[in-house]
Amino acid sequence: MRAWLIVVTLAVALPAAAQDLDRDGIPDRLEQALLEKFAPTLLLAHGECDGLPASFMPNSTTPRVWAKDATLYGQAFRIHGSDGRAAIELHFFHLWANDCGRLAHRLDAEHVSAIVSASRLDAPAFAWLAEAWYAAAHEGSVCDASSGAHARVIGAEASGPRVFVSRGKHASYFDRGQCKWGCGGDECGDDRAVIATRIINIGEIDAPLNGATWARSDRWPLREKFQSDFDPALRARLEAETNHVIPLMQHLRGPQAPVLAGETALDGLESAADTARTALASATRVVGRFVRKPLRKNQ
C-alpha cells in the first residue's frame, strides 16, 4: 500500500511534461507526441473480413475486444543512437479481433516499428526524424516476409508511412509487390486508407499504461513484440540501402523459397483436414445406413 501511495504521489507531484509512468526514461508526453507524429496509415484491401483494427477493454487480464474502431496501440523505448544522437524505437500495433484468412484464429497482433532520432532527448517532437522502418509479416514463421526500409525510401522521415495490410491475415508491407511473398497467400490493396482514430500508449510489458494489462496475456504473441526489431546488422543494412525496401526472410535464402515451401505446407494441412472431414462424413453415412437398416429375420 505504501509503495502504491508513493507512485501516486510522485505522479501528482511531477509536472505532466516530466512524468514517466512506464519507467523507461522517456517522458510520457514525448512518447505520445512521437507516436502521433509517426503513426502509419493502413491500406486495407477490398473485402477485409475483420473490418478495422480493434480496441481492447482496459484493465482486463485477457484481451477482450471493446470495438473495431481503428485504434492503434503504441510503444516507445530508448535505444543506442549514432553520432551521439538520442534515439527511440517506436512500435505501432494494429490489433485485430480475428485472423480470418487461411488457418484462421481468434486475436491477431501485428505491428510496424521505427527508429527516430534527435540531437537530444528533450528536443520537441517536431525536431525528431525517422531513420528506418520495419514491417512484420508472418514474423518468425516459415512464411516470414517481414521487411525493412530506410525512411527516405518510403517517404517516412517526418511522418508515418503508408502500410499495406494483407486481407484477412493482416501482415504488414511497405511495398505492395512484396505482399505475394507471404507464402503466396497474401493479397494487398489500397482500396481503403485507414487513419488511426486514436493512438494509445501501451507502455512497457512490466509497466503497462492506460490499462493495457491484457498485453501480457498468453492468448496471443504480443509480449514477444515488445523487444527491439533492429539489431546492429539490420540497422547497418538499412542505413546503406537507400533505394529499395529490403526483404528480411530469416531462415530462407530467397523470396521464392517461402512462397513454395509455405504454400505447400499450408495446402498440405488444408488437404489433410479436407480428407479427414470427407472420411468422417463418409463413415458417418455408412454407420447411419447400417443402424437404420431393419434386421432380417432368420429363415
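In this report, we go over the structure that sits alongside the text. (Residues numbered from 1 in each chain as written. Predicted model: local features only at pLDDT ≥ 70, side-chain atom pairs only at ≥ 80, totals over all residues. Heavy atoms only, no water.)

Scanning the chain from terminus to terminus reveals four helices and 15 strands. Across the 299 residues in the chain, those meeting the buried criterion constitute 46%. Across the chain, the fraction of contacts at a sequence separation of at least 24, relative to all contacts at a separation of at least 6, is 64%. (Helix = DSSP H or I, 4+ residues; strand = E, 2+ residues; numbered from the N terminus. Buried < 20%, exposed > 50% of the residue type's maximum accessible area, 1.4 Å probe, protein only. Contact = heavy atoms within 4.5 Å.)

The subject of this paragraph is the sheet that holds strand β9 (residues 162–165). Sheet architecture is open: four strands sit in the order β10-β9-β1-β11, paired in mixed fashion. Strands at the two margins of the open sheet, each flanked by one partner only, are β10 (172–173) and β11 (192–194). Two strands pair when backbone bridges link them, and strand β1 (residues 41–44) and β9 are joined in this way by four bridges, in the parallel orientation. Looking at β9, one finds that Leu44 is bridged to Val165. (Pairing = 2+ DSSP bridges.)

Time to look at the nonpolar core. Leu34, Phe38, Ile88, Leu90, Val116, Trp128 and Trp133 are the most contacted members of the largest nonpolar core, which has 38 residues in total. Secondary structure elements with two or more residues in this core: α2 (28–37), β1, β4 (71–79), β5 (86–99), β6 (105–118), β7 (129–135) and β9. Setting aside residues no more than four positions away along its own chain, Val116 makes contact with Leu34, Phe38, Ala86, Ala87, Ile88, Leu90, Trp128, Leu129 and Ala130. In terms of nonpolar packing, the next biggest core, distinct from the first, is built from 16 residues, Ile200, Trp214, Ala215 and Phe226 among them. (Core = buried A, V, L, I, M, F, W, Y, C linked by side-chain atoms within 4.5 Å.)

This brings us to the packing of aromatic side chains. Under the criterion given, the structure shown has seven aromatic pairs. Their ring planes at 80° and their centres at 5.0 Å tell us that Tyr73 and Trp214 sit as a pair that is edge-to-face. Taken together, the residues Tyr73 in strand β4 and Trp214 in the loop between β14 (207–208) and α3 (232–240) connect sequence positions 141 residues apart. Each member of the aromatic cluster is reached from another via a ring pair, and the members are Phe56, Tyr73, Trp214 and Trp220. (Phe/Tyr/Trp six-rings, centres within 6.5 Å; stacked < 30°, edge-to-face > 60°.)

As summarised here, the arrangement of the seven strands in space is β12-β4-β5-β6-β7-β8-β15, forming an open sheet in which the pairing is mixed. Both outer strands of the open sheet, β12 (198–201) and β15 (246–247), are each paired with one neighbouring strand and no more. Here β4 pairs with β12 via four bridges, running parallel. Bridge pairing in β12 links Thr71 to Arg198. Strand contacts of α3: β4, β6, β7, β8 (147–150) and β15, with the helix running at about 50° to β8, the strand carrying the most contacts. (Axes fitted to C-alpha atoms, helices over the stretch in contact; angles between N-to-C directions.)

Evaluation of the coordinates by the stated rule reveals eight salt bridges. Of the charged contacts, one joins Arg120 and Asp122 as a salt bridge, the two residues approaching to 2.6 Å between their closest N and O atoms. Taking the relative accessible area as the measure of exposure, Arg120 reaches 45% and is therefore partly exposed. Given the relative accessible area of 59%, Asp122 is considered exposed. Between Glu187 and Arg167 there is a salt bridge, with the nearest N and O atoms lying 2.0 Å from each other. With Glu187 in the loop between β10 and β11 and Arg167 in the loop between β9 and β10, this residue pair connects regions lying 20 residues apart in the sequence. The exposure class assigned to Glu187 is partly exposed, which follows from its relative accessible area of 42%. (Salt bridge = Lys/Arg side-chain N within 4 Å of Asp/Glu carboxyl O.)

This part covers the environment of Phe56. Looking at the element boundaries, Phe56 is found in strand β2 (residues 54–56). For the pair formed by Phe56 and Ala212, sequence separation is 156 residues and the distance between their alpha carbons is 8.2 Å. Residues within four places of Phe56 in sequence aside, it is in contact with Pro63, Arg64, Val65, Trp66, Tyr73, Leu95, Trp96, Leu107, Trp214 and Trp220.

Position of Ser166 relative to the elements: it lies in the loop between β9 and β10. Overall, the relative accessible area of 0% leaves Ser166 in the buried class. The contacts of Ser166, once residues within four sequence positions are left out, are Glu48, Ala171, Tyr173, Cys179, Asp186, Glu187 and Cys188.

What follows concerns the pairing of β5. Buried residues dominate β5, accounting for 13 of its 14 residues. Pairing between β4 and β5: seven bridges, direction antiparallel. Among the inter-strand pairings, Gly74 is bridged to a residue of β5, identified as Phe92. Taking the residues between adjacent antiparallel strands as the criterion, β4 and β5 are bridged by six residues, where Asp83 takes a positive phi near 55°. Two elements, β5 and β6, share 13 bridges in a ladder whose sense is antiparallel. In the sheet register, Trp96 faces β6, and the bridge partner there is Asp108.

Attention shifts here to the state of the cysteines. Scanning the entire structure with this criterion turns up three disulfides. The disulfide bridge from Cys49 ends at Cys100, spanning 1.8 Å between sulfur atoms. Taking the sign of the S-S torsion, about 90° here, the bridge from Cys49 to Cys100 comes out right-handed. Here the residue Cys49 occupies a position in the loop between β1 and β2, and Cys100 occupies one in the loop between β5 and β6, the gap between them amounting to 51 residues. Judged by relative accessible area, Cys100 falls into the partly exposed class, the value being 31%. For Cys143, the disulfide goes to Cys183, at an S-S distance of 1.8 Å. In this structure, the disulfide formed by Cys143 and Cys183 twists by about -95° around the S-S bond and is classed as left-handed. Placement of the pair is Cys143 in the loop between β7 and β8 and Cys183 in the loop between β10 and β11, with a sequence separation of 40 residues. With a relative accessible area of 1%, Cys183 lands in the buried category. (Disulfide = S-S within 2.5 Å.)

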